[in-house]
Amino acid sequence: MRKLLAAAAVALVGAAAAWTATAVLSDSGTGTAAPTRAPAPATADITRQDLVDTETVDGTLTYADERTVTTEARGTVTWVPEEGALVKRGRSLMRVDREPVTLMYGKLPLYRTLERGVEGPDVTQLERNLKALGYGDDLTVDDEFTYATYLAVLEWQEDRGLPETGRVDAAQVVFQKGAVRIGEVKTAVGRKTMPGQEVFKVTGTKRLVHVDLDTDDQELARKGAKVTVELPGGERAKGKITAVGTVAETSGSQENQTTTVDVDITLNKKPKTRLDQAPVDVELESERVKGVLTVPVEALLATSTGGFGVEVIEGGGNKIVPVELGAFGSGRVEVKGSGLAEGMKVGVPAT
């Protein structure tokens, strides 16, 4: 990284060559006065500050927690939501033979028929949802499917247009962790569906940025590290790395393979854009130094010995002071040199 940034600094110095043509050191590098040198076109301050060096990588704005939804319903698909639709508790994920398949919230899949006499955490999930939807005034949320549960299910089935059996199975209800966003519809109206068939890819509702980070840059991805993301339309947003993959993935042809790790970034606030799978630029922090002397990169001058110097302006005169370079960031570079201090002026090209 340091080599790449030094090369960038050399390029900037080259761009300023018109005003630095007489600045190349011809002495032993002791910082002698240069009375024959023309005054610098402009000046800038030497500052003491923190420097943050970043590297920009490609990312994708998407939604968290993608997963596949299957159905146990059997029949003809008569309605599906549009891709991008938000489905909340109690609403239909799809209709089969005009009967709704309803979304309810819970971590356990509905793996059996729930009816009177059944006990378990899946019963608790169902009763909690019935209560949240306004059914079962006399229902106690516990792990027992009681007569009160049966009555609440009958009322719910009547309102949903389902056969009033008092029993609930996976053809009627799909449990998910929360509201879902329809990412991809894998069926269509008129198609036949059968138990176990994949019907949707869904995601959570939280936006995130995903990066397939080259393993050569893996040291840039530290969980909890702050990042800046440039979103579609020029919007910039702050965020932090919330997940870093531990398994490398290889893609591409045998001649041009790339190996990456997954990096997920959570944004501090909801972005304005509603685009999914939108390309973004992510600034990852590669180095941070605190309280160092810095000058603008364009203040650097090439020396005859292959190093760098800066032109210090003070007392009505100017002199070239050799410097050692440190960290780069935000158009400035850390410098170390004899007699340099915060507040001094250095020469820069005219803007």
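Our subject in this report is the structure included herewith. All of these numbers come straight from a predicted model, not from anything done at the bench. (Residues numbered from 1 in each chain as written. Predicted model: local features only at pLDDT ≥ 70, side-chain atom pairs only at ≥ 80, totals over all residues. Heavy atoms only, no water.)

1. Quick word on the nonpolar core
In this structure, Val-209 and Val-282 are the most contacted members of the largest nonpolar core, which totals 21 residues. Residues in contact with Val-282, not counting those within four places in the same chain, are Glu-55, Thr-56, Val-57, Gly-59, Val-209, Val-211, Val-227, Thr-228, Val-229 and Ile-265. Of all hydrophobic cores here, the second largest spans 19 residues; its members include Ile-46, Val-295, Leu-300 and Val-348. (Core = buried A, V, L, I, M, F, W, Y, C linked by side-chain atoms within 4.5 Å. Buried < 20%, exposed > 50% of the residue type's maximum accessible area, 1.4 Å probe, protein only. Contact = heavy atoms within 4.5 Å.)

2. Observations regarding a negative patch on the surface
A grouping of Asp-137, Asp-138, Glu-155, Glu-158, Asp-159 and Glu-164 is seen on the molecular surface, where their side chains present a negatively charged patch. Judged by relative accessible area, Asp-137 falls into the exposed class, the value being 72%. (Patch = residues over 30% accessible without salt bridge, like charges linked within 9 Å, V, L, I, M, F, W, Y side chains within 5 Å. Areas by Shrake-Rupley, 256 points an atom, 1.4 Å probe, with all protein chains shown as cover. Salt bridge = Lys/Arg side-chain N within 4 Å of Asp/Glu carboxyl O. Lys, Arg positive; Asp, Glu negative; His and termini not counted. Charge placed at Lys NZ, Arg CZ, Asp CG, Glu CD.)

3. Looking at unusual backbone geometry
Located in the positive-phi region is Asp-97, a residue other than glycine, with phi close to 50 degrees. Locating Asp-97 in the fold gives a position in the loop between strand S6 (92–96) and strand S7 (99–105). Relative accessible area serves as the criterion here: at 46%, Asp-97 is assigned to the partly exposed category. Phi angles above zero are rare outside glycine, and Gln-277 is one such case at about 60 degrees. (Helix = DSSP H or I, 4+ residues; strand = E, 2+ residues; numbered from the N terminus.)

4. Some thoughts on the sheet that holds strand S5 (residues 86–87)
Overall, antiparallel pairing links the four strands, which are arranged S3-S11-S9-S5 in an open sheet. Edge strands, defined here as strands with exactly one partner in the open sheet, are strand S3 (67–71) and S5. Sheet topology note: the S5/strand S9 (residues 180–185) ladder contains two bridges and is antiparallel. Residue pairing in the sheet places Leu-86 in a bridge with Arg-181 of S9. (Pairing = 2+ DSSP bridges.)

5. Observations regarding the packing of helix H3 (residues 121–132) against helix H4 (residues 147–160)
Remark: H3 packs on H4, axes separated minimally by 11 Å, with the N-to-C direction vectors making an angle of 55 degrees. Here H3 is positioned oblique relative to H4, judged by the angle of their axes. The handedness of the crossing between H3 and H4 is left-handed. Only Thr-149, Ala-152, Val-153 and Trp-156 of H4 make contact with H3, whose side of the interface consists of Leu-126, Glu-127 and Leu-130. Taken together, the residues of the contact of H3 with H4 sort by class into five nonpolar, one polar and one charged. (Axes fitted to C-alpha atoms, helices over the stretch in contact; angles between N-to-C directions. Parallel < 35°, antiparallel > 145°, perpendicular 65-115°, else oblique. Left-handed = near helix turned anticlockwise from the far one by under 90°. Nonpolar A, V, L, I, M, F, W, Y, C, P; charged D, E, K, R; others polar.)

6. Observations concerning H3
Counting along an α-helix, one turn takes 3.6 residues, and residues three or four places apart therefore face a common direction. Between its first and last C-alpha, H3 extends 17 Å over twelve residues, near the 16 Å set by a 1.5 Å rise per residue. The set of residues buried in H3 consists of Asp-122, Val-123, Thr-124, Gln-125, Leu-126, Glu-127, Asn-129 and Leu-130. In the core, the buried residues of H3 are packed alongside S7, H4 and strand S8 (173–176). With its phi angle positive at about 95 degrees, Gly-134 sits one or two positions after the end of H3. (Expected span 1.5 Å × (residues − 1).)

7. Points about the sheet that holds strand S4 (residues 75–79)
Strand order in the open sheet made by the five strands is S8-S7-S6-S4-S10, with mixed pairing throughout. Two strands bound the open sheet, and with one partner strand each, they are S8 and strand S10 (192–193). In this sheet, S6 lies alongside S4 in antiparallel orientation, the contact comprising two bridges. In the sheet register, Val-77 faces S6, and the bridge partner there is Val-96. Against the sheet, H4 contacts S6, S7 and S8, and its axis sits at roughly 130 degrees relative to S7.

8. Things to note about the pattern of salt bridges
Per the counting criterion, the structure on display carries nine salt bridges. The shortest N-O distance in the salt bridge between Asp-65 and Lys-177 comes to 2.6 Å. In this pair, Asp-65 is assigned in the loop between strand S2 (47–63) and S3 and Lys-177 in the loop between S8 and S9, connecting sequence segments 112 residues apart. Taking the relative accessible area as the measure of exposure, Lys-177 reaches 54% and is therefore exposed. Residue Glu-115 is joined to Arg-167 by a salt bridge in which the shortest nitrogen-to-oxygen separation is 3.9 Å. Here the residue Glu-115 occupies a position in the loop between S7 and H3, and Arg-167 occupies one in the loop between H4 and S8, the gap between them amounting to 52 residues. Within the structure, one salt-bridge network assembled from shared partners comprises Asp-65, Arg-67 and Lys-177.

9. Notes on the pairing of S9
Bridging between S9 and strand S11 (residues 197–203) involves four bridges; their strand directions are antiparallel. Bridge pairing links Ile-182 to Val-202 in S11.

10. Quick notes on the packing of aromatic side chains
Applying the stated criterion to the full structure yields one aromatic pair. With 5.8 Å between their ring centres and 25 degrees between their planes, Tyr-147 and Tyr-150 make a pair best called stacked. Here Tyr-147 and its partner Tyr-150 are both found in helix H4, three residues apart, which amounts to about one turn of the helix. Directly above the aromatic system of Tyr-150 lies the positively charged group of Arg-116, at a separation of 5.8 Å from the ring centroid. (Phe/Tyr/Trp six-rings, centres within 6.5 Å; stacked < 30°, edge-to-face > 60°. Lys NZ or Arg CZ within 6 Å of the ring centre and 35° of its normal.)

11. Observations regarding H4
Compared with an ideal rise of 1.5 Å per residue, which puts 14 residues at 20 Å, H4 spans 20 Å between its outermost C-alpha atoms and is within 8% of the ideal. Along H4, the residues classified as buried are Thr-149, Ala-152, Val-153, Leu-154, Trp-156, Gln-157 and Arg-160. Summarising the contacts, the buried residues of H4 are in contact with S6, S7, H3 and S8. For H4, the capping residue at the N-terminal end is Thr-146, with a side-chain oxygen 3.3 Å from the backbone nitrogen of Ala-148. Gly-161 occupies a position one or two residues after H4 and carries a positive phi of about 75 degrees. (Polar contact = N/O pair within 3.5 Å; in protein donor to acceptor, adjacent residues only side chain to side chain.)

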